[in-house]
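Descriptive analysis of the structure
Here is how the chains run, residue by residue.
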Amino acid sequence: MKRTLILLWCMLTVTVCTAQTDSAAAKVEKMMYDFKAKSNNFKTNTQSTIQRELEKLRHIKEQPYQQQQLDAIKQWQEAAAKLSVQESKQVEAAAQQEQQLQQLQLEQLDQIKSLHPDDVFEKPGQPAIPLPTPREATDIKRLYPSAAETRRPRLKGPTQFDSRIELFQLDVLYEQDRRILFNAASVGLVIRKENLEAVTDSFFRINTSLTLGNKYKLCPGQAFVKQPVAGEGTAFLIQGDQPRMMTAGHVFSEPIDHYAIIFGFEMENEVGAYETLIPIQNLYYPEQITFKDDALDIAVFTLNKPTDRRLLPLAAREPVTGEEVYMIGHPCGLPVKVALNAGVKENNHPQYFFTSLDAFQGNSGSPVFSMNTHEIIGVLVSGEVDFIWNGSCNQVTICSIPFCKGEKAIRISAIQKATE
């Protein structure tokens, strides 16, 4: 019995010790968990603190560099502002210089128009009167050095195959250009009266509703495609006892009283502006055909009133093969054009010769000038086909001599012989 009690007491003691041992282990485990959690928190907090401190240090370190950047940006902005002001002043100064030159050119042109033709061109031992004064020449040379040169660069047309130019492209500061402009003032457009409308007693309006592109169904990109067409041909003033004009005979396909002659139908600038109102002093009516030769295709007619425009000189010599020529006229009824960079090619027939001029059907009756003497050496009457159909629209015909004959002009000597 005693042994049994002792055994039970021992078992109870072991159980209690085991329980106490398990409880102590749990406490230790809990303590270790708490310690680990605190350690992790401390580590995290320490890392965050270190990161913040590093950020502060880096910000402190970068502050001078950022300030340098800001200073550099400010300096650049100030320099850009100064440069912008300088550029604005330069643009303004250039515009003023351009305006001064244009005003000077207009004054020169007005001076030329007010002079008698005999006074305009150079005489032996004497300079031409419309040349700028020494002070004006100095201003021109200072503003535009190239404009003071005695010989201008060769003018070119809209394409390498088309050398027609506008009158405003000519410069009165050059002797050659002045002569061409002076001759152009005596070349007029033959127009049907139905294309003129009286606006007042002093002005008539030209019907410019039809463009070159619309009339001939031209392809996009063709020269002068958006310019207006209004006339039938070209005529020019010639010397005589009374105001007379010469043209190609086929220009008057109807009775002569169905037509009018206008001067000054031209493009005014590169933008495409042109004047549709014609003052009555630039409007004339053909009165009577005094000479017509069907073989030569030439007609001479009188006008309804006197004119103060220059009568163009006719050459008393024959054209020379290879001689440089130019032509003034209204191709296809367009505003006046000057065809340059051409010459006399075939020159064997006694009544006519062929040129490499860029001419079109409205050029019929246009005067052909010698570039050397600026006298009329021929009258254009016919030429190659103007346009060719490509299946959808018309293109300007491109054909070079000797594959094409060129543009035909009647010799002045043949016309003078026929009128004798």
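Procedures and definitions
The residue numbers shown here count from 1 along each chain, following its written sequence. Since the coordinates come from a predicted model, pLDDT governs what is reported: local features require at least 70, and pairs of side-chain atoms require 80 or more to be given and counted, while whole-chain, interface and lining totals use all residues. Neither water nor hydrogens contribute to the side-chain values; these are computed over all heavy atoms in the structure. A pairing counts as a salt bridge when a side-chain nitrogen of Lys or Arg comes within 4 Å of a carboxyl oxygen of Asp or Glu. Runs of E in the DSSP output that reach at least two residues are strands. Runs of H or I that reach at least four are helices, and both are numbered from the N terminus. Buried, partly exposed and exposed residues are distinguished by accessible area as a fraction of the type maximum, computed with a 1.4 Å probe on protein chains only: under 20%, between the cut-offs, and over 50%, respectively. When DSSP locates at least two bridges between a pair of strands, those strands are taken to pair. We call a set of buried residues a nonpolar core when its members are Ala, Val, Leu, Ile, Met, Phe, Trp, Tyr or Cys and they connect through side-chain atoms within 4.5 Å of each other. Here, two cysteine sulfur atoms that lie within 2.5 Å of each other are counted as a disulfide.

With that settled, the discussion passes to the pattern of salt bridges. Scanning the entire structure with this criterion turns up 10 salt bridges. Between Glu175 and Arg178 there is a salt bridge; the shortest N-O distance is 2.5 Å. Highlighted residues: Glu175 and Arg178, both in helix α4 (residues 175-184), separated by three residues, approximately one helical turn. By the burial criterion, Glu175 is buried, and Arg178 matches it. With its nearest N and O atoms 2.5 Å apart, the salt bridge here joins Glu254 to Arg192. Here Arg192 lies in strand β2 (residues 187-192) and Glu254 lies in the loop between β6 (244-248) and β7 (259-262), a separation of 62 residues in the sequence. Judged by its relative accessible area of 33%, Glu254 falls in the partly exposed class.

All right, on to the sheet that holds β2 then. Through backbone hydrogen bonds, the strands of a sheet pair up, either in parallel or in antiparallel fashion. Pairing is antiparallel across the open sheet formed by seven strands, whose spatial order is β9-β7-β2-β5-β6-β11-β10. Two strands lie at the open edges of the sheet, namely β9 (283-284) and β10 (286-293), each paired on one side alone. Strand direction decides the pairing type here: β6 and strand β11 (residues 298-303), joined by five bridges, are antiparallel. By the bridge assignment, Thr247 is partnered in β11 with Ala299.

We now examine the nonpolar core. In terms of nonpolar packing, the biggest core is built from 47 residues, with Ile298 and Ile328 touching the most fellow members. Judged by nonpolar contacts, the second largest core, of 13 residues, contains Ala315, Val325, Met327 and Val344.

What follows is about the state of the cysteines. A complete count under the given rule lists one disulfide for this structure. Here Cys219 connects covalently by a disulfide to Cys393, the sulfurs 1.8 Å from one another. Given an S-S torsion of about 100°, the disulfide between Cys219 and Cys393 has right-handed geometry. Remark: Cys393 occurs in the loop between β17 (387-389) and β18 (394-396) and Cys219 occurs in the loop between α5 (212-216) and β5 (233-238); sequence separation between them is 174 residues. Judged on exposure class, the residue Cys219 and its partner Cys393 are both buried.

Don't take any of this as a statement about function, it's just geometry.
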